[in-house]
Amino acid sequence: MPYTGQTFVNQKTGEVVTFTETSKETNGSHVTIKSVLKQGGGFKVNHIHPFADEIFEVISGTLSFKLNGVEETITAGHKISFPRNQAHAHWNNHPEDLVILQTITPCLDVERFLETLFGLGADGYLDQTGQPPFLQVMVWLKEVNNRTYLADIPVGVQNVLASVLTPVAKLLGYRAFYPKYTA
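Below: a short report on this structure. Model, not experiment: these values are computed from the prediction.

Glancing now at the pairing of strand β10 (residues 98-105). The buried fraction of β10 amounts to 6 of the 8 residues, a majority that puts the element mostly inside the structure. By the bridge criterion, 7 bridges tie strand β3 (residues 31-37) to β10 in an arrangement that is antiparallel. Looking at the pairing, V36 lines up with V99 of β10. Where strand β5 (residues 53-60) and β10 come together, 7 bridges link them in antiparallel fashion. Looking at the pairing, E57 lines up with L101 of β10.

On to helix α3 (residues 134-143). When we look at burial in α3, the residues that qualify are L135, Q136, M138, V139, W140 and L141. Structurally, α3 contributes buried residues whose contacts are with α2 (110-122), β11 (149-150) and α4 (155-171).

The next subject is the layout of surface pockets. A water-sized probe rolled over the atoms picks out the places where empty space is left. By volume, the largest pocket is sized at about 1300 Å³. Lining the largest pocket are 50 residues, and of these F43, F113, L117, Q131 and T148 lie nearest its centre. Elements represented by at least two residues in the lining of the largest pocket include exactly β3, β4 (42-48), β5, β10, α2, α3, β11 and α4. Split by residue class, the lining of the largest pocket holds 27 nonpolar, 18 polar and 5 charged. In this structure, the second largest pocket occupies an estimated 160 Å³ of space. Lining the second largest pocket are L120, Y125, P133, Q136, L172, G173, Y174, Y178, K180 and Y181.

So, about the sheet that holds β10. Strand order in this open sheet of 6 strands is β1-β2-β3-β10-β5-β8, and the pairing throughout is antiparallel. Each edge of the open sheet is held by one strand with a lone partner, namely β1 (7-9) and β8 (79-82). Sheet twist, expressed as the average angle between the axes of neighbouring strands with direction ignored, equals 20°.

Thresholds, definitions, all that
- Residues numbered from 1 in each chain as written.
- Predicted model: local features only at pLDDT ≥ 70, side-chain atom pairs only at ≥ 80, totals over all residues.
- Heavy atoms only, no water.
- Buried < 20%, exposed > 50% of the residue type's maximum accessible area, 1.4 Å probe, protein only.
- Helix = DSSP H or I, 4+ residues; strand = E, 2+ residues; numbered from the N terminus.
- Pairing = 2+ DSSP bridges.
- Contact = heavy atoms within 4.5 Å.
- 1 Å grid on protein atoms, 1.4 Å probe; cavity = no way out; pocket = protein on both sides within 12 Å on 5 of 7 lines; lining within 4 Å.
- Points joined across faces, edges and corners; volume = space filled by probe spheres on them.
- Nonpolar A, V, L, I, M, F, W, Y, C, P; charged D, E, K, R; others polar.
- Axes fitted to C-alpha atoms, helices over the stretch in contact; angles between N-to-C directions.

Next comes the structure, spelled out in structure tokens:
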């Protein structure tokens, strides 16, 4: 379980994440992380979270985002809310580092997911862009509570793929969470 001040670094993308509020401190209400994103960093793929809301507050830099098909930017001192089930994407499209506070409500298993993602990255299991293997994503989609769906592919199709491929992925050693990272 992460603690306030704990920091993870993705060596491939340069992304730095620091926990500023944990689920333990908020009784599971939410988790807040401070992220530093290099140019090109973030999650530019249009996606939805069916069970969680997100708020991004820009500390420095410029946040580029898309919400329901409309692309915009906000700068330091501004916030944007991404309600559950609303298609969105967020990234740093500028040369200066982007520093944001991201609050996810409710927490669900966001902390364990981030520990796992950054642990896999530290051990060299992510590709050059910081993305996990496809089969790892299928296991997460099937078993993680804070699911993320691609907005441009029907959720039912993604659920069927995850249901069919997760048993195969597990036979190959993939897990939703690994004790090495989340113990």
